[in-house]
Amino acid sequence: MAFPSAPYDDDDFRKDGLLASERAGDNAPALSISEISAQLKRTVEDRFGFVRVRGELSGVKRAASGHLYMALKDEGARLDGVMWRGNAQRLGFLPEDGVEVIATGKLTTYPGRSNYQIVVDRMEIAGEGALLALLAKTKARLEAEGLFDRARKRALPFLPRVIGVVTSPTGAVIRDILHRLSDRFPSHVVVWPVLVQGQGAAAQVAAAVRGFSDLAPGGPVPRPDVVIVARGGGSIEDLWSFNEEEVVRAIAASTIPVISAVGHETDTTLADFAADLRAPTPTAAAELVVPVRAELAAQVHDLQARRGRALARLLAHARERLEVRSQRLPTAQALLSPQSQRLDDLSDRLRRALVHRTEIAAGVLARHGGALRPALLTQRLGRERERLAAQRLRPEALLQRIEHARGRVEALDRLRRSLDPEAPLQRGYVLVTDRDGHVVKDRATAAARVALTLKFADGPLDVTTGQGPVPTVSAAPPRPAARPRGATDSVQPKLL
Amino acid sequence: MASTPDIAALSFEDALKELEVVVRRLESGEAPLDESIDLYARGEALRTHCQARLDAAQARIEAVVADREGRPAATRPFDGA
């Protein structure tokens, strides 16, 4: 904006006075501030109703209302700007300080503050260099947040049951992916069709990534084990949606591992940094996401064959070991042979011992038997006979002894006869006894008895003492009390 | 073997890995013979499982159909290819 240049050169204005005064020929009355401001506003808006300006963003601030306030500046000037909410939401990028942009809109004034500003309808990044600069800044910011950390990367499933693909439903990309998948490992693919370029593309891609991530297992839409976010090659502008923070954040937050495959090998987007794996191309993504079925089948087959061989070898080895050990196992015969031998030995010795013993016995017998001759006995008989003969049996010796004995018998008989208690009876003595035959030696004893027996030489006589009743036996005929004298001779031999 | 998880519940990769372990163990000859027979049998079950997973592989291409709020509601056969 250009101000009117040097209006104060007029001399009239130098005559300063204290009061404002009407001057001759001056038919223009003084304008109120509102009037001049309104005029100015009209002039500015008419003249600059549609402008495109290029400048660097500065002081970018998004108000709670959603309006975006900023300043555009270059080396020498500065222009305040505002972008109303509706337009601000449609911005294809996140405006940041320092980003060079081309803003399209109209100039307007703000009379209350003696301000003018640009109301921006559209804003674009001013050229590829500026875009790259913005990209670098966004990347640095998200990187600082840790969204690209290696530690966040998850491993892809080895063999996904379901593969989600976020891409355009038309075009070469999805065809390439499906082709390559069917070549390698025919799989269950769920495509989430999205715009991959232009207005709203970023939002769709982000929504699709989040949509897959939020799927519950077992729902009407099968939950993928891995998600491919893909787009074909293009300019940096074409791929821009995949640099958008919304997409980057959705990928980083996905609960399902994500492979990014955006553009060609040389194109790198922020989505690639956030993804768990970056594939250089969509086709490469298909190769990364599934193994080759034929190779797996071959591997299984190989393992199967190795398994068979391993067991066969193991069995053969086991058999061999068994055989070696069986050979070393001693036979029953060998085990028993020491005992058997010992038995043989002992039985042999037993036999020989018996023989030996008999031989010894036979020897002893022979030795002793030799000495046993009849002569031994006859010799002894002879000797005994001689001894017998030497004994002279003389009758005189016997007779002498008999005579001697007889003499003694006669002397003893004489003595006996002199000692016979009944001998005095011959001379008139009587032996008094009681009826039981006990000798009564004194009168007192006799007086106590009723009956007594008087033994005479020629016999006993029973008598009564008259001291008591006379027993009837006294009437009995007298028994011979004693034998006659001559009878003693026959008794005499009993004394010997 | 110390733990023998249900083979049907194993992913292809886990089954393949275990099959490899089984084969290597068999090949090492370290396992006792009885265990080797068991290992062999388990190897067979693992192989069958892997083979079934491979044989079951078939292409099935669907596209997500979103409802008005943009949420995935169903799928339909994908005809874009």
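Residues numbered from 1 in each chain as written. Chains lettered and ligands numbered in written order. Predicted model: local features only at pLDDT ≥ 70, side-chain atom pairs only at ≥ 80, totals over all residues. Heavy atoms only, no water.

1. Quick look at unusual backbone geometry
Here is step 1 of the chain: Unlike most non-glycine residues, Ser 114 of chain A shows phi in positive territory, near 55 degrees.
Here is step 2 of the chain: Here Ser 114 of chain A is to be found in the loop between β4 (100-110) and β5 (115-125). (Helix = DSSP H or I, 4+ residues; strand = E, 2+ residues; numbered from the N terminus.)

2. Details of the layout of surface pockets
Residue and element names in this part refer to chain A.
Here is step 1 of the chain: One number sums up the size of the largest pocket: a volume of about 1,100 Å³.
Here is step 2 of the chain: Looking at the largest pocket, it is lined by 40 residues, and the ones nearest its centre are Leu 91, Gly 92, Phe 93, Trp 240 and Glu 244.
Here is step 3 of the chain: The leading source of residues in the lining of the largest pocket is helix α3 (residues 127-145), at six residues.
Here is step 4 of the chain: Its residues assigned to classes, the lining of the largest pocket shows 16 nonpolar, 12 polar and 12 charged. (1 Å grid on protein atoms, 1.4 Å probe; cavity = no way out; pocket = protein on both sides within 12 Å on 5 of 7 lines; lining within 4 Å. Points joined across faces, edges and corners; volume = space filled by probe spheres on them. Nonpolar A, V, L, I, M, F, W, Y, C, P; charged D, E, K, R; others polar.)

3. Section: the interface of chain B and chain A
Here is step 1 of the chain: The partner chain A presents 38 residues to the 40 residues of chain B that form the contact.
Here is step 2 of the chain: Roughly 3,500 Å² is buried in total at the junction of chain B and chain A, and carbon and sulfur atoms are behind 70% of that figure.
Here is step 3 of the chain: Across the chain B-chain A interface, the total number found is three salt bridges.
Here is step 4 of the chain: The salt bridge involving Arg 307 of chain A is made with Glu 44 of chain B; its shortest N-O contact spans 2.6 Å.
Here is step 5 of the chain: For the interface between chain B and chain A, the tally reads 13 residue pairs in polar contact (both at pLDDT 80 or more).
Here is step 6 of the chain: Contributions of two or more residues to the side of chain B that touches chain A are made by α1 (12-28), α2 (33-56), β1 (60-66) and β2 (72-77) of chain B.
Here is step 7 of the chain: The element best represented in the side of chain B that touches chain A is α2 of chain B, accounting for 12 residues.
Here is step 8 of the chain: Per-class residue counts for the side of chain B that touches chain A are 21 nonpolar, nine polar and 10 charged.
Here is step 9 of the chain: Where strand β7 (residues 188-193) of chain A and β1 of chain B come together, four bridges link them in parallel fashion. By the bridge assignment for β1 of chain B, Val 189 of chain A is matched with Ile 61 of chain B. (Contact = heavy atoms within 4.5 Å. Buried area = accessible area lost by both parts, 1.4 Å probe. Salt bridge = Lys/Arg side-chain N within 4 Å of Asp/Glu carboxyl O. Polar contact = N/O pair within 3.5 Å; in protein donor to acceptor, adjacent residues only side chain to side chain. Pairing = 2+ DSSP bridges.)

4. Quick notes on the pattern of salt bridges
Residues and elements named next belong to chain A.
Here is step 1 of the chain: Inspection of every chain in the model, using the stated rule, returns 33 salt bridges over all chains.
Here is step 2 of the chain: Arg 278 is the salt-bridge partner of Asp 272, the closest N and O atoms lying 3.5 Å from each other.
Here is step 3 of the chain: A relative accessible area of 6% places Asp 272 in the buried class.
Here is step 4 of the chain: In this structure Arg 278 comes out as partly exposed when scored by relative accessible area, which is 30%.
Here is step 5 of the chain: Residues Asp 348 and Arg 352 are paired through a salt bridge, measuring 3.4 Å at the closest nitrogen-oxygen approach. One end of the pair, Asp 348, and the other, Arg 352, are both in helix α10 (residues 332-371), four residues apart, so they sit about a helical turn from each other.
Here is step 6 of the chain: Here Arg 352 falls in the partly exposed class, since its relative accessible area comes to 48%.
Here is step 7 of the chain: Salt bridges linked by common partners bring Glu 96, Arg 141, Glu 145, Glu 245 and Arg 249 together as one network. (Buried < 20%, exposed > 50% of the residue type's maximum accessible area, 1.4 Å probe, protein only.)

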